[in-house]
Amino acid sequence: MNNTNNYLWWQKNIIYQIYPRSFQDSNGDGVGDLRGIRQRLDYLEWLGVEVIWISPIFQSPMADFGYDISDYRGIHPLFGSMDDFEELLSEVHQRGMKLLLDLVPNHTSDQHPWFLEAKSSRDNPKRDWYIWHDAREDGSPPNNWLSVFGGSGWEWDTTTQQYYYHAFLKEQPDLNWRNPDVQQAMLDVMRFWLDKGVDGFRVDVMWHMIKDQQFRDNPQNPDYDPREITFRQLVPTYSTDQPEVHDIVRMMRQLTDQYSERVIIGEIYLPVQRLVIYYGQDNQGAHLPFNFQLLTLPWDPERIAATIDEYEGVLPANSWPNWVLSNHDKIRIASRVGIEQAKVAAMLLLTLRGTPTLYYGDELGMRDVPIPQEEVHDPQGLNMPDLNASRDPARTPMQWDHSPYAGFSEVRPWLRVAHNYQRVNVLHQRDDPFSMLNYYRKLIQLRQKEPALHVGNYIPVHANHQIISYIRQSEGVRFFILLNLTHRPCYFKSEHEEIRGKVVLATEIEREGTYLTGSIELGGDEGIIVKLD
Ligand code: GLC
């Protein structure tokens, strides 16, 4: 039943997210680039990663580091040329790997020719490509919608005497996706890259793409914690996740379905019940609406176990799950749960049912790097200096070796390198059998080798205030996974006779090869994978 040939590449493989500014600099300007990524494909292959997603590489004034695009078809010279891109893509494909691009359809840069035209006059043909609104009588913005990056979501345009809406920076005006010309223009962009052969897109803030037509005020969030970003003061009921967004997602899907085996992944921060709607009716929406539960939930085994069950329960028939631990917008996993627990987190990510997405550097146990105030680049950090909201700490250069600047660049990088890079780096960890890197590699290889782990069923066993445990099973092969999500020892007593077998992989290497029956004791921050008899 679980014949792996029935599964597609984006179901069976692991996605590796590259933040291109910080992966590898090849031309000595301190910023990572496409040739740099190409130089490191051997590493990714060695690690066992087969799908790469690269955050935006397009023309951009870089107000939001590439998420403000001024030409969707052009490569930013910082990252290289179109030739560099094509060479990278072709080499990725030669190696049997896949390449996903980041599509940012919700907003453009304010320097995009579309917006320059739109704001030139009220009767410009492109005016309606963006979201304009008159001021209220007292001159204030039309409603209370907030920008994710702080302050109002509305910016006054003095020339044409109207506000425009921007969910993020004022330099990132939101497109009006109700306008069919906008829809066509963005589908053309997708076609452009699909024709080049890219294997799909990670679609930026998919849940933001359509807003309430009546522009109703968002309600107050009674649970707002002042330590959170100010955007959370309101519940974005009317500015995000509108029913009509699913028509747009379906349109994107229909286009990609004209090509063979391409994939659409949606960036969506919603509770699982709402998230799974993005699979679309009859799975005609996104192939993978990103599931960020492991990234947003408190590290509490009972809550996580309940959410896994809930997610498994609400997944539409024939849709495919996925899991994410870190990304370029959030705290790295090793900083969130601690370096020891990060191994348990990796085991969880790589043994759950569904496509896992890894964030570059997590495989080394890279932690968030403290960035002095005067070196902060991220607009979210700059706009809310007292909230420690900068995303720079999770975006620092990849740590390749112990040479100056960690082998990332020959010059001082755009963002400082972690001070521990001489110890925490690929070169060093490759030779150390106890390293995080070799641990990740073993996990990846086990997952890729065993159908039970990459496509098998998920059977919850037991969870309590310390433990999560489950079985993955395919064609009679069964693995039992037991994870201690706390720092204290824990004890697992099986009520099931069948929990008996050999440890094939463990956070503590010494456990591997041991045979377990009945009761199992785990130290703090330990996890084991047992191949059941
Ligand atoms: C997404 C991106 C984030 C960016 C934002 C605006 O959330 O992941 O990095 O700032 O969209 O495009």
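Each value, and the rule that gives it
Residues numbered from 1 in each chain as written. Predicted model: local features only at pLDDT ≥ 70, side-chain atom pairs only at ≥ 80, totals over all residues. Heavy atoms only, no water. Near = heavy atom within 4 Å. Polar contact = N/O pair within 3.5 Å; in protein donor to acceptor, adjacent residues only side chain to side chain. Nonpolar A, V, L, I, M, F, W, Y, C, P; charged D, E, K, R; others polar. Axes fitted to C-alpha atoms, helices over the stretch in contact; angles between N-to-C directions. Helix = DSSP H or I, 4+ residues; strand = E, 2+ residues; numbered from the N terminus. Parallel < 35°, antiparallel > 145°, perpendicular 65-115°, else oblique. Contact = heavy atoms within 4.5 Å. Buried < 20%, exposed > 50% of the residue type's maximum accessible area, 1.4 Å probe, protein only. Pairing = 2+ DSSP bridges. Core = buried A, V, L, I, M, F, W, Y, C linked by side-chain atoms within 4.5 Å. Salt bridge = Lys/Arg side-chain N within 4 Å of Asp/Glu carboxyl O. Left-handed = near helix turned anticlockwise from the far one by under 90°.

A.B. asks: Can you walk me through the site of the ligand in this structure?
C.D. replies: The full set close to the ligand counts 14 residues, and Asp64, His107, Asp204, Glu267 and Asp329 are the nearest of them. Here an oxygen atom of the ligand sits 2.9 Å away from a polar atom, N or O, in the side chain of Arg202. In this structure, an oxygen atom belonging to the ligand sits 2.8 Å away from a side-chain N or O atom of Glu267. In the shell around the ligand, the residues fall into four nonpolar, three polar and seven charged.

A.B. asks: Just to check I follow, could you spell out the packing of helix H4 (residues 82-94) against helix H6 (residues 180-196) for this structure?
C.D. replies: Helix-helix packing is described using two parameters, namely the angle between the two axes and the distance between the axes. The N-to-C vectors of H4 and H6 enclose an angle of 55°; their axes lie 11 Å apart at closest approach. If you check the angle between H4 and H6, you find them oblique. Along the contact surface, H4 presents Met82, Phe85, Glu86 and Leu89, while H6 presents Phe192, Trp193 and Lys196. Considering only residue class, the contact of H4 with H6 consists of five nonpolar, no polar and two charged.

A.B. asks: Is there a simple way to think about the side chain of Ser469 in this case?
C.D. replies: By secondary structure assignment, the location of Ser469 is in strand E15 (residues 467-474). Look at Ser469 and you get buried, because its relative accessible area is 2%. Polar contacts involving the side chain of Ser469 include one to the main-chain carbonyl oxygen of His462, which spans 2.9 Å. Excluding anything up to four places from it in sequence, Ser469 contacts Pro460, Val461, His462, Phe480, Ile481, Leu482 and Phe492.

A.B. asks: Honestly, the sheet that holds strand E9 (residues 200-203) in this entry has me stumped. Any pointers?
C.D. replies: Sheet strands pair via backbone hydrogen bonds, and the direction of the pair is either parallel or antiparallel. Pairing within the open sheet is parallel, and its eight strands lie in the order E11-E10-E9-E5-E2-E1-E13-E12. Of all strands in the sheet, those bounded by a partner on one side alone are strand E11 (288-289) and strand E12 (322-324). As paired elements, strand E2 (residues 51-54) and strand E5 (residues 98-103) share four bridges and run parallel to each other. Within E5, the position partnered with Ile54 by the bridge is Leu101.

A.B. asks: Explain the nonpolar core here, please?
C.D. replies: The tendency in soluble globular proteins is for nonpolar side chains to be buried side by side. Counting 163 residues, the largest nonpolar core has Tyr16, Tyr43, Phe85 and Met398 as the members making the most contacts within it. One finds Cys490, Ala506, Ile520 and Leu532 within the second-largest nonpolar core, a separate group that totals 15 residues.

A.B. asks: Just to check I follow, could you spell out the pattern of salt bridges for this structure?
C.D. replies: Opposite charge on two side chains makes pairing possible when the charged atoms of those side chains draw close. Using the criterion set out here, one finds 32 salt bridges in the structure. In this structure, Lys196 engages Glu86 in a salt bridge whose closest nitrogen and oxygen atoms are separated by 2.5 Å. Of the two residues, Lys196 is situated in helix H6 and Glu86 in helix H4; the sequence distance between them amounts to 110 residues. The class for Glu86 is partly exposed, based on a relative accessible area of 34%. Residues Glu228 and Arg232 are paired through a salt bridge, measuring 3.4 Å at the closest nitrogen-oxygen approach.

A.B. asks: How do you make sense of the packing of H6 against helix H7 (residues 245-257) when you look at a structure like this?
C.D. replies: Contact geometry for H6 and H7: axes closest at 10 Å, N-to-C directions at 30°. In terms of orientation, H6 and H7 fall into the roughly parallel class. Judged by the sense of rotation from one axis to the other, the crossing of H6 with H7 is right-handed. In this structure, H6 contributes Gln183, Leu187, Met190, Arg191 and Leu194 to the contact, and H7 contributes Ile248, Met251, Met252, Leu255 and Thr256. Here the residues of the contact of H6 with H7 sort into seven nonpolar, two polar and one charged.

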